[in-house]
Amino acid sequence: MVSAKRITAGYGDAVVVSDVSFDVHESEIFAILGRSGCGKTTLFKVLMGLVEPTSGEVFLDGDHVVLVGDSGSERFLRKIGVLFQSGALFSSMTIAENVALPLRQQTSLPEGTIEHIVRLKLTQVGLAGFESHLPAELSGGMQKRAALARAMALDPKILFFDEPSAGLDPVTSAQLDRLILEINKSLGTTVVIVTHELASVLTVADRVIMLDRDERTIIAQGSPAELASSDDARVRDFFTRAPA
Amino acid sequence: MDEAPETSTRSDDDRSTIGAAEETASREASASSGSGFEVKLLNKSFDELHFGLSGVVRMENARQVLDAIIEAIAAEPLRNVALDLGEVEYFDSSGVAVLIEVRQKCHVMGNRFRVVHPGPEIQRLLDLVDFEHYAPACVLVPRGEPGVLVQVGEGTEKVLTTGRDILTFIGASVVAMAKDLSSPRTARWDGFWRLMERAGTDAVPIVTALSFLMGAILAFQAAIQLRKFGANIFVADLVSVSICVEMGPLLTAIIIAGRSGAAFAAHIGTMRVTEEIDALSVMAIDPIRYLVTPRVLAVALVCPCLTLFADIVGVAGGCIVAASSLDLTPTTYFNQVQKILEVSDVLKGLTKSFAYGVEVAMIGCLRGFQVRGGAESVGSAATSAVVTSVFVIVVTDAIFSMLFHYVRLL
């Protein structure tokens, strides 16, 4: 479903990730792990066309990923939903209007139908009854869930999550993990998560790759359990939270 | 979704396709590149119509699916309608919305609508919205406006709050500036030169272009009238005095309001949204002293410099027009300028310009500090900074004009 082939990316002369290749299978929950500064976010942005790689290619459901805004980007953008770290909800719109935005812009559905979908999505994330609230009137966890409802509005095949647990308490974070699992199971959505939250990875991820800041590439891949018992000290330290 | 439909009593003989509906459906199906659907009448018992929906229902064709189902139901006189979902291959959220819409439309038409043989995934989605008891609610209707009394009350409160904010801000800024000027070593001068460069040097091209054009326009307008009386030489008087006393300072201040005032409001407003102002406060750094003082001083200093530059370029713009269309030589023009223009005229303009600079920077910073909420509020702050600055500049100009007039009389 997601195929990254020999990706090298960076900013200016600085190479952040080098020669990274991996495949994410359909209906899989795939996590990209690593310490701060290892290039997770850069790789994440490359996957959805927000950053152009220096070399290499990405395919999303068979579509070649180009820079967002270039011709051909609409094809793969229609298949993905993205939950940004901050939620990125539009502060001037109500929660319902935030969720309705992609439906109004990308489909020709009548307003009544859009309204039903908005209510369905907000019910799915447990925010029924909060439709008329502005983002600022919601807690951090609720904002994240509202942003998830917006990311799911068009029923994308692939959902990208950037640090979904960032800034959330453990209970809210666990609720969000459960929601990710539910969406993955019920809709068969492929999920790609960028995170460094161990608890979250161990709960939701089917498969994991781990990036390293010094190597600038993948140093381990497999199931979370396999990585937790890795022989590589860098991987083991990460899972045991041992200071370097 | 992929579950086989439950046992049904329908047979091929019973299946009479609804012409219009199928025609519409097939046409749309072929248009949606393989993601087609079909609405068929499977069975017509004595009191119930039994339709079958098959194929794919997704965002792209949901509207056509809805139209096809409604058209099919409306074409039959029977009031009880069942929709069989047993042969649906793909069904996303828009499918649920379509079913809700059909159910509501059936209710309006006086029909009873029910869904049969939904797969477990469809059933799960239907349960999620409580399909059987789904009540319409207008969640996308904009929030209602409050009553007139509430609006008047809120408006009054806002005016009072804004007034208090302005007074507090002016007081805090004066105190901060006094502290900085009395003990310059503790002031933050590192960003000061950069601010002067941005507000001053970077504005030189636009100030040059506009003041040159302003001088030229004034000369053109004056030339048309003065030529009639053979008083061409007075073009130099008009251009030089009006540019140095009024137009130069005004034009420069308005440019600075549009550039620096709006930038200060947006910058400080964004800092407020991202809690950077709070971060300064808890680090025991006075945000006013850290952010406002250098900006006000920088703009207050560059504004007269830019005005002087605008005066020179504006008078030169008038000279070009005078030389090209009024048969005046540049020497005659500048001799006349020297004769009529007094140093006090230029100083008046520069004094006003200094005041405008202080006002524009203060207003920009104040609007930034007043930001509450998110991106929209930052946009409003930037707009408000420019509009308020222009208003205050013109009011100040009027005050200065009266002041200079009465001072001369004394």
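Just so it is clear, the structure is predicted and the values come from calculations on it, not from any experiment.

1. Re the overall build of chain A
Here's step 1: The number of helices and strands found in chain A is nine helices and 10 strands.
Here's step 2: Relative to a compact globule of 244 residues, whose C-alpha radius of gyration would be 18 Å, chain A shows 18 Å and is just as compact.
Here's step 3: For chain A, the spread of C-alpha atoms along the principal axes amounts to about 55 × 40 × 30 Å.
Here's step 4: Long-range contacts, defined here as pairs at least 24 residues apart, represent 62% of the contacts in chain A between residues at least 6 apart.

2. Some points on helix α5 (residues 140-151) of chain A
Given 3.6 residues per turn, any residue in an α-helix points the same way as the ones three and four places further on.
Residues and elements named next belong to chain A.
Here's step 1: Between its terminal C-alpha atoms α5 stretches 16 Å, which fits the 16 Å expected from 12 residues at 1.5 Å a residue.
Here's step 2: Burial within α5 is extensive, with 10 of its 12 residues counted as buried.
Here's step 3: Restricting attention to buried positions, one finds in α5 the residues Gly141, Met142, Lys144, Arg145, Ala146, Ala147, Leu148, Ala149, Arg150 and Ala151.
Here's step 4: Those residues of α5 that are buried are in contact with β6 (80-83), α3 (95-106), α4 (111-124), β7 (158-162) and α6 (170-187).

3. Observations concerning the pairing of strand β8 (residues 190-194) of chain A
All names here are of chain A.
Here's step 1: Across the five residues of β8, five count as buried, placing the element largely inside the fold.
Here's step 2: In this structure, strand β3 (residues 29-34) lies alongside β8, joined through four bridges in parallel fashion. Paired with isoleucine 32 across the two strands is valine 194, which belongs to β8.
Here's step 3: Looking at chain direction, β7 and β8 are connected through five bridges and run parallel. Across the sheet, residue phenylalanine 160 finds its bridge partner in β8, namely valine 192.
Here's step 4: In terms of handedness, the path from β7 via α6 over to β8 forms a crossover that is right-handed.

4. Side note on the packing of aromatic side chains
Here's step 1: Throughout the structure, instances matching the rule amount to seven aromatic pairs over all chains.
Here's step 2: Note on phenylalanine 238 of chain A and phenylalanine 239 of chain A: the rings are 6.0 Å apart at their centroids and 65° apart in plane angle, and the pair reads as edge-to-face. In this structure, phenylalanine 238 of chain A and phenylalanine 239 of chain A share a single accessibility class: buried.
Here's step 3: Geometrically, the ring pair formed by phenylalanine 169 of chain B and phenylalanine 369 of chain B is tilted, given 6.0 Å between the ring centres and 50° between the ring planes.

5. Overview of the sheet that holds strand β2 (residues 48-57) of chain B
Residues and elements named next belong to chain B.
Here's step 1: If you walk across this open sheet you meet the four strands as β1-β2-β3-β4, and the pairing is mixed. Among the strands making up the open sheet, the edge pair consists of β1 (37-44) and β4 (112-116). Within this sheet the neighbouring strands show an average axis-to-axis angle of 25°, counted without direction.
Here's step 2: The strands touched by helix α2 (residues 62-74) are β1, β2 and β3 (80-91); relative to β1, the strand with the most contacts, the crossing angle is about 20°.

6. Brief notes about the interface of chain B and chain A
Here's step 1: Opposite the 30 residues of chain B that make contact, chain A presents 35 residues.
Here's step 2: A combined buried area of about 2,600 Å² lies between chain B and chain A, and 57% of that area is made up of carbon and sulfur atoms.
Here's step 3: In terms of surface lost to chain A, no three residues of chain B exceed Met59, Val139 and Leu140 of chain B, which account for 28% of the buried area on that side.
Here's step 4: Taken together, the links from chain B to chain A amount to one salt bridge.
Here's step 5: Measuring nitrogen to oxygen at the nearest pair gives 3.0 Å for the salt bridge that ties arginine 78 of chain A to glutamate 60 of chain B.

7. Regarding the domain arrangement of chain B
Note on interface size: it is often stated as the accessible area lost on association of the parts.
Here's step 1: The domain architecture assigned to chain B consists of domain 1 (7-134) and domain 2 (188-409).
Here's step 2: Placing a centre on the C-alpha atoms of domain 1 of chain B and another on those of domain 2 of chain B gives a separation of 68 Å.

Calculation rules
Residues numbered from 1 in each chain as written. Chains lettered and ligands numbered in written order. Predicted model: local features only at pLDDT ≥ 70, side-chain atom pairs only at ≥ 80, totals over all residues. Heavy atoms only, no water. Helix = DSSP H or I, 4+ residues; strand = E, 2+ residues; numbered from the N terminus. Rg over C-alpha atoms; globule rule 2.2 N^0.38 Å. Contact = heavy atoms within 4.5 Å. Expected span 1.5 Å × (residues − 1). Buried < 20%, exposed > 50% of the residue type's maximum accessible area, 1.4 Å probe, protein only. Pairing = 2+ DSSP bridges. Right-handed = clockwise from strand over helix to strand, strands pointing away. Phe/Tyr/Trp six-rings, centres within 6.5 Å; stacked < 30°, edge-to-face > 60°. Axes fitted to C-alpha atoms, helices over the stretch in contact; angles between N-to-C directions. Buried area = accessible area lost by both parts, 1.4 Å probe. Salt bridge = Lys/Arg side-chain N within 4 Å of Asp/Glu carboxyl O. Domains from an automatic or database assignment.

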